[in-house]
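Residue strings, one per chain:
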Amino acid sequence: MGVLEIAKGMGITLGKLFQKPVTVSYPEQRATLQPRFRGRHVLTRHPGTNLEKCIGCSLCAAACPAYAIYVEAAENDPANPTSPGERYASVYEINMLRCIFCGMCEEACPTGAVVMGNEFEMADYRYGDFVYAKEDMLVGVEGSLPQRREAARKGQPVRLGFKVEGGPRAELEGVKYPQ
């Protein structure tokens, strides 16, 4: 390594020294995410009928390389249907400690029921709270379990620590994210 290479490296360092830093003071300032960011899972509903899109086929569980998804299907009641098909997912659980956020479940879903949302704040101290049930992932549920628990304890609304640049993806219709 010669003197010229060291001088080039020092020149780059000195140039960066006088530029404005890109550090975000999180959580006081919200982090800006790109719309394609893949975070916490969201189970979507049909827009007109508000029925769940999940039909309990378990293809997402079969595609999951970390075996983090458990689906138990049940027969749909024709008088009071939960989903438009013959079956629905009576139990849908994702163990977030095992999930590697690869998106294979989203790709395997034939109805588009499983979508990777934009939420990334899922830290907690309780093991049981990392197993997300269907009720925790349906569209309209804002925040993760620890965020909802903390907001209820303080008597305040859930505050998400991010904003989505340009708004969320089209698959996430019905999900309200700060902009």
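Read on for a plain summary of the structure. (Residues numbered from 1 in each chain as written. Predicted model: local features only at pLDDT ≥ 70, side-chain atom pairs only at ≥ 80, totals over all residues. Heavy atoms only, no water.)

### Quick notes on the packing of aromatic side chains
Item 1. With the rule as written, the count across this model stands at two aromatic pairs.
Item 2. Where Tyr26 meets Phe120, the ring centres are 6.2 Å apart and the plane angle is 40 degrees; that geometry is what we call tilted. Placement of the pair is Tyr26 in the loop between helix 1 (3-17) and strand 1 (31-33) and Phe120 in the loop between strand 5 (114-116) and strand 6 (131-132), with a sequence separation of 94 residues.
Item 3. When the centroid spacing of 6.1 Å and the interplanar angle of 80 degrees are considered together, the rings of Phe37 and Phe120 count as edge-to-face. Linking Phe37 in the loop between strand 1 and strand 2 (41-43) with Phe120 in the loop between strand 5 and strand 6, this pair joins segments that are 83 residues apart in sequence.
Item 4. Relative accessible area serves as the criterion here: at 30%, Phe37 is assigned to the partly exposed category. (Phe/Tyr/Trp six-rings, centres within 6.5 Å; stacked < 30°, edge-to-face > 60°. Helix = DSSP H or I, 4+ residues; strand = E, 2+ residues; numbered from the N terminus. Buried < 20%, exposed > 50% of the residue type's maximum accessible area, 1.4 Å probe, protein only.)

### Things to note about the pattern of salt bridges
Between side chains of opposite charge, a pair can form as their charged atoms come close.
Item 1. Summed over the entire model, instances satisfying the criterion amount to eight salt bridges.
Item 2. With a closest N to O distance of 3.1 Å, Glu52 and Lys134 form a salt bridge. Residue Glu52 is found in the loop between strand 2 and helix 2 (59-63), and its partner Lys134 is found in helix 4 (residues 134-137); the two are separated by 82 residues along the sequence.
Item 3. A salt bridge links Asp136 to Arg148, with the shortest nitrogen-to-oxygen separation between them at 3.0 Å. Taken together, the positions of Asp136 in helix 4 and Arg148 in helix 5 (residues 145-154) put the pair 12 residues apart, joining distant regions of the chain.
Item 4. A residue is classified by how much of its surface remains accessible, and Asp136, at 14% relative accessible area, is buried. (Salt bridge = Lys/Arg side-chain N within 4 Å of Asp/Glu carboxyl O.)

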